[in-house]
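# Results of the structural survey
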Amino acid sequence: MNVEVQASNKIKFGLNINPSYSITNNPGIEGKDNIAMASVTLAPIDEESVGYYTNVFDNGNINPYITTVNSPVGLAENVKGETKRFRTLSTLFGEYRILKGLSLRSTLNLDHVDNQYEYFRPSSVSGTLVSRTISPGLDASGSFQGYRSQNFVNENTLSYATVLNDMHSIAVVAGTSYSSFSRLNWNISSNGGFNNDVVQTLNNARNIALTSNTNKTKNVLVSMFGRLQYSFSDKYLLSTSLRRDASSRFGKNSKWGVFPAASVGWRISKEKFMPEISGLNDLKIRASWGISGNNGFGDFEDVASLGISNYSYGGLAAAGLVPSNVAKPDLGWEESEMVNIGVDMALLSSRIEISYDYYVKNNTHLLLSIPIPLSTGFGEAATNIGEIQNKGWELEISGKIITSGSLKWDASLNLSHLSNKVKKLGSNNAPIYGGSFDITHNILTIGQPMYSIFVVRQIGILSKEDIEKGVAMLNVEEEGDPKYLDADNDGVIGPSDRVLSGHPNPDYTWGFNTRVRYKKFDLGINIQGQWGGKVY
């Protein structure tokens, strides 16, 4: 629903409501050890008496070496993974024209989402034939998860725009905004199976898992901002802005951040000294500088908090409270300072447009969780630490190949390059390790790209000759197993043999888009790709 009312020649207001509702069912097709992976890793056996339904219902497992995997077909057909999502986007605005070119506008925006996920895996497609026969329902599992989120934004602006002597274009905006985001999460799971497969809700579960929980979070952002734009004959362009933001996610000493920005542009093609070049319609160079803030971190990281933990009381386990987070009154904004230089041009009656940008971006006061001594009572703490530098360029070429008649054809090509490196990490520049699979496998260290891969490198396959020579091995290995690099030359393969082995960031990314339209028919093609970077 979209309503806009011009109440008078000075007052205008409107309302927009956009609701949506969707139901999707995913029994767990994608991901590690899920249905799609099981379907391509199991032996392709199709028994006459069983078909594809091995180890489900009244059928046993035909493969004696794999007793824990159930039929992927049976799982896909019988597991319930239903997501129901209701979302409403609402906007209410009012505008009052005070004078010619001067207006006051206020908007209220609400993004409301209700999302719930119901999962049920019946015992008929779980466990083994023995467990399904002896204890029906024991292998069934289910859960009920979801969240309710509300994102409310109020923005109030006073704007003025005018043109003087047909040459000086001026636009000024000043305003305030208030943003509040809240979210309620719940996650309830079964434990010990269900009484039967008929009733699939958790009231039929034998027990509720102790890990079931609910939690609620909220954060607020308050802003004041201003912007000035000036143009002289659409030839010389100037824009400046200033923001002052306060976030509830930061400590009492660092809630506020100030973020200035400025940009200039020069449309050279409008200068009298610019010689007429055949086919050149527009040429503009531009430059910008600015500082932006990032508060994309967890809520309540700045305050001391308590967590639930068991302790011994009278020889029995009892629930208690322990400190779970230390107060950080100086936790503040991560800042990004960026310098950008660009060129825009249009050729052949603007049928070809080219844009090129080169930029350098320095991120300081990074918001990171770093390890701290266990003697403090905590394993890690959020802090502002370090500096990262990003350099890169972007090139985009677009063209209108055919523009006349009923047939229209346009295309665009973009290519970009980005490199980054860590410049600073705290007072002693100690590396920060990350990754949760097995042992830490990525690293932040001075002079290297962010999250560089830090692993034990495989250099070949063990041969009989290698084993006879006594090369370093990981635990007990045999001929044909992986051969690893003994980086520290201690004769044993272990965590100390990890070395830098590339980075996950692509060196180049590119894209190609083309669209052909003929009368009421159209065909579009979108191709994207990247070069460089490694996956671990």
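Let us look at the structure shown here.

### A look at the packing of aromatic side chains
In this description, a pair of aromatic rings is defined by centroid distance and the angle of the planes. Enumeration over the complete set of coordinates arrives at 13 aromatic pairs. Look at Phe259 and Trp333: their rings are 5.3 Å apart centre to centre, the planes differ by 70°, and that puts the pair in the edge-to-face class. Here Trp333 lies in the loop between β13 (316-325) and β14 (334-347) and Phe259 lies in strand β10 (residues 256-267), a separation of 74 residues in the sequence. Both residues of the pair, Phe259 and Trp333, count as buried. Feature note: the residues Tyr356, Trp393, Tyr508, Trp510 and Trp531 constitute an aromatic cluster, connected by ring pairs. Against the face of Tyr147 rests Arg183, its NZ or CZ located 3.7 Å from the ring centre. Stacked on the ring of Trp256, the Lys or Arg Arg244 has its end atom at 4.2 Å from the ring centre.

### Let's talk about the environment of Arg227
When you line up the elements, Arg227 lands in strand β8 (residues 213-232). We classify Arg227 as partly exposed; its relative accessible area is 37%. When the C-alpha positions of Arg227 and Gly175 are compared, they lie 9.2 Å apart, and in sequence the two are 52 residues distant. Apart from residues no more than four positions distant in its own chain, Arg227 is found in contact with Ala171, Val172, Val173, Ser239, Thr240 and Ser241.

### Examining a positive patch on the surface
Taken together, the side chains of Lys391, Lys421, Lys423 and Lys424 make up a positively charged region of the molecular surface. Ranked by the residues each element gives to the positive patch, the list is headed by strand β19 (residues 407-424), at three residues.

Conventions and cut-offs
- Residues numbered from 1 in each chain as written.
- Predicted model: local features only at pLDDT ≥ 70, side-chain atom pairs only at ≥ 80, totals over all residues.
- Heavy atoms only, no water.
- Phe/Tyr/Trp six-rings, centres within 6.5 Å; stacked < 30°, edge-to-face > 60°.
- Helix = DSSP H or I, 4+ residues; strand = E, 2+ residues; numbered from the N terminus.
- Buried < 20%, exposed > 50% of the residue type's maximum accessible area, 1.4 Å probe, protein only.
- Lys NZ or Arg CZ within 6 Å of the ring centre and 35° of its normal.
- Contact = heavy atoms within 4.5 Å.
- Patch = residues over 30% accessible without salt bridge, like charges linked within 9 Å, V, L, I, M, F, W, Y side chains within 5 Å.
- Areas by Shrake-Rupley, 256 points an atom, 1.4 Å probe, with all protein chains shown as cover.
- Salt bridge = Lys/Arg side-chain N within 4 Å of Asp/Glu carboxyl O.
- Lys, Arg positive; Asp, Glu negative; His and termini not counted.
- Charge placed at Lys NZ, Arg CZ, Asp CG, Glu CD.

Structural measurements only, silent on function.
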